[in-house]
Amino acid sequence: MSESSAPSLPELIDMQIRANGPMSIASYMALCLTHPHKGYYKQADPLGARGDFITAPEISQIFGELIGFFCVNLWQQMGEPKSFTLLELGPGRGTLMQDALRAASKAEGFGDALHLQLFETSEELKAQQAIRLGQYYPYWPSEIDEVSDDPLIVVANEFFDALPVRQFVKGTAGWHERLVGLKDGKRSFGLSPTAIPESALPAAVHGAAPGEVYEVSLAAADVMQRLSKAVGRLGGAILAMDYGYVLTRTGETLQALRRHAYADPLAAPGDADISAHVDFGALAAVATGAGLTAQPLATQGDFLRRLGIVERAEMLSAANPDEAGNIAAALDRLTGPGQMGELFKVFCAASPGLVPPGFSP
Ligand code: SAH
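Below is a summary of the structure that appears in this document. (Residues numbered from 1 in each chain as written. Predicted model: local features only at pLDDT ≥ 70, side-chain atom pairs only at ≥ 80, totals over all residues. Heavy atoms only, no water.)

Close to the ligand lie 17 residues, the nearest being Thr55, Gly90, Gly92, Glu120 and Asn157. The contact in question runs from a nitrogen atom of the ligand to an N or O atom on the backbone of Gly90, over 2.7 Å. Interatomic distance of 2.5 Å between a side-chain N/O atom of Glu120 and an oxygen atom of the ligand. The protein chains hide 93% of the 560 Å² of surface that the ligand would expose on its own. (Near = heavy atom within 4 Å. Polar contact = N/O pair within 3.5 Å; in protein donor to acceptor, adjacent residues only side chain to side chain. Areas by Shrake-Rupley, 256 points an atom, 1.4 Å probe, with all protein chains shown as cover.)

Of all the residues in helix 7 (residues 123-133), the buried ones are Leu125, Gln128, Gln129 and Leu133. When helix 7 is viewed along its axis, its buried side chains cluster within an angular range of 110° and face the same direction. Among the exposed residues of helix 7, those pointing more than 90 degrees away from its buried face are Glu123 and Ile131. One side-chain oxygen of the residue at the start of helix 7 lies 3.3 Å from the amide nitrogen of Glu124, identifying that residue as Ser122. (Buried < 20%, exposed > 50% of the residue type's maximum accessible area, 1.4 Å probe, protein only. Helix = DSSP H or I, 4+ residues; strand = E, 2+ residues; numbered from the N terminus. Arc of directions from axis to C-beta.)

In this section: the sheet that holds strand 12 (residues 273-275). Read across the open sheet, the 3 strands follow the order 11-10-12; overall the sheet is antiparallel. With partners counted over all chains shown, the strands left at the sheet margins are strand 11 (261-263) and strand 12, one partner each. Within this sheet the neighbouring strands show an average axis-to-axis angle of 40°, counted without direction. Of the pairings in the sheet, the one linking strand 10 (residues 255-258) to strand 11 comprises 3 bridges and is antiparallel in character. Counterpart to Ala256 in the pairing with strand 11 is Ala263. (Pairing = 2+ DSSP bridges. Axes fitted to C-alpha atoms, helices over the stretch in contact; angles between N-to-C directions.)

Another aspect to go through is the pairing of strand 9 (residues 236-245). Among the 10 residues in strand 9, 9 count as buried, and that is most of the element. Judged from the 6 bridges that link them, strand 4 (residues 152-157) and strand 9 form a sheet pairing that is parallel. Within strand 9, the residue paired with Ile153 across the bridge is Ala237. Bridging between strand 9 and strand 16 (residues 344-350) involves 7 bridges; their strand directions are antiparallel. Its bridge partner lying in strand 16, Ala240 is registered against Phe347.

Another point: the packing of helix 8 (residues 218-234) against helix 9 (residues 280-289). Close contact between helix 8 and helix 9 brings their axes to 9 Å; oriented N to C, the two are set at 30°. Comparing their axes, helix 9 and helix 8 come out roughly parallel. By crossing handedness, the relation of helix 8 to helix 9 is classed as right-handed. Residues Ala220, Ala221, Met224, Gln225 and Ser228 of helix 8 pack against Leu283, Val286 and Ala287 of helix 9. Classifying every residue of the contact of helix 8 with helix 9 by side-chain character gives 6 nonpolar, 2 polar and no charged. (Parallel < 35°, antiparallel > 145°, perpendicular 65-115°, else oblique. Left-handed = near helix turned anticlockwise from the far one by under 90°. Contact = heavy atoms within 4.5 Å. Nonpolar A, V, L, I, M, F, W, Y, C, P; charged D, E, K, R; others polar.)

What follows is the structure in C-alpha cells.
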C-alpha cells in the first residue's frame, strides 16, 4: 500500500473501534499522541511551527537556569558524587536542559560528573535535542528506568500531562468506564455497560454524586513507580512541573489544544495535543510508598520565587536594558497568579534526608 493510500490516524482508530468495539480513553489518547507513525508527538515538529501550546522553558531562559541551580544544589547535598545521572523526561526541543546546564556547569565538578539521559518519543525532537545538547553527550534510553548505578536526578516539565488517562463516571450501581465508540459513524463518548464497584476506586472518590468523573493515569503511576524505585536504590530526586491538583479527587480535565485554542478531543486525532491534569496526590502516594519523601506540592510561582526568579530577572534586565520589558512580561507569565504561576504545580520526591530547594518558605 502506498503512503498516500495508507489509512489516516482517524481512519485507523475508527477501523479499530469497528473491529474490537469501543476503546478506553487511555487507548485513544495513546494512539492520538504516540502512534508510531501518525501520533501527535511523532509528527515533524510537534512543538514548533504549529505552535499548539507554549511551555515555560520556551517563555524564558530563566526557567531552565533555575532548574539548573536546583540540580546543583541537590548534587551538592548528595556530597558532589563524581558520577551521577541527570534524566529529563520529554525534553521537547531541549531548551530547558540547555539553559539548565549552561547555568549548572558553572559549579565546579558538576559538568564532569554529569551523565545526561533524555527520555523522548519523538524522532524529530530527539534530533533537536541532539543539536542543543550534543556537547553534553546525551544518551536516549528506550526504557524510563534504564539507568546506571549512579545517583539519579529526574526532571520533567509538561511530561506527565501527556500520559494517557482513563475516566470513570459514577452511576447508580457503581462506576462505568467512559469509552470512545462510534455513533452513526461518528466518534463519540459512551459508557461501558459494566459497573465497577466503588470499592475498586480510591477512597477519595467514594460517595461521589452520580455523573461525577474520576480520572486516573496508570501510565503516570507506572512511570513514578519505576523512577521512585530507582531513586530509592541509588539516591536522588524526581522533580515534575505540570498542570495538576494536590489530592486525588473527581473532576474532568481531559482537554485538546489545537493552535492555542481548545478543541474537541475526538475531532482530529493526531492533529491536536491531548492532555489531562496530573493527580499529584496519586504520584506522591506512589513515591512515598517506595520510600521517598514527597515535598508539599508548590505552585510554580512560589517555587520559582523561592529559587530567586525575581532577582535573576532584575540582573538580566540590568545587563540587557532593551530587553527589560520582555523579561518583565516573561516573569509575569511564569509566576503570575492568573497565568502559569498558580495553575502549574511543582512536585518533588527525594531520598530521605535531602532538602530540595524551593519548597519551604
Ligand atoms: N518539556 C518540554 C516539552 C513538553 S511537551 C517543554 O517543557 O518544552 C511533552 C514532551 O514529552 C515532548 O518532548 C514529547 O515528545 C514527550 N512525550 C510525550 N509522551 C511521551 C511518551 N509516552 N514517551 C516519551 N516522551 C513523550
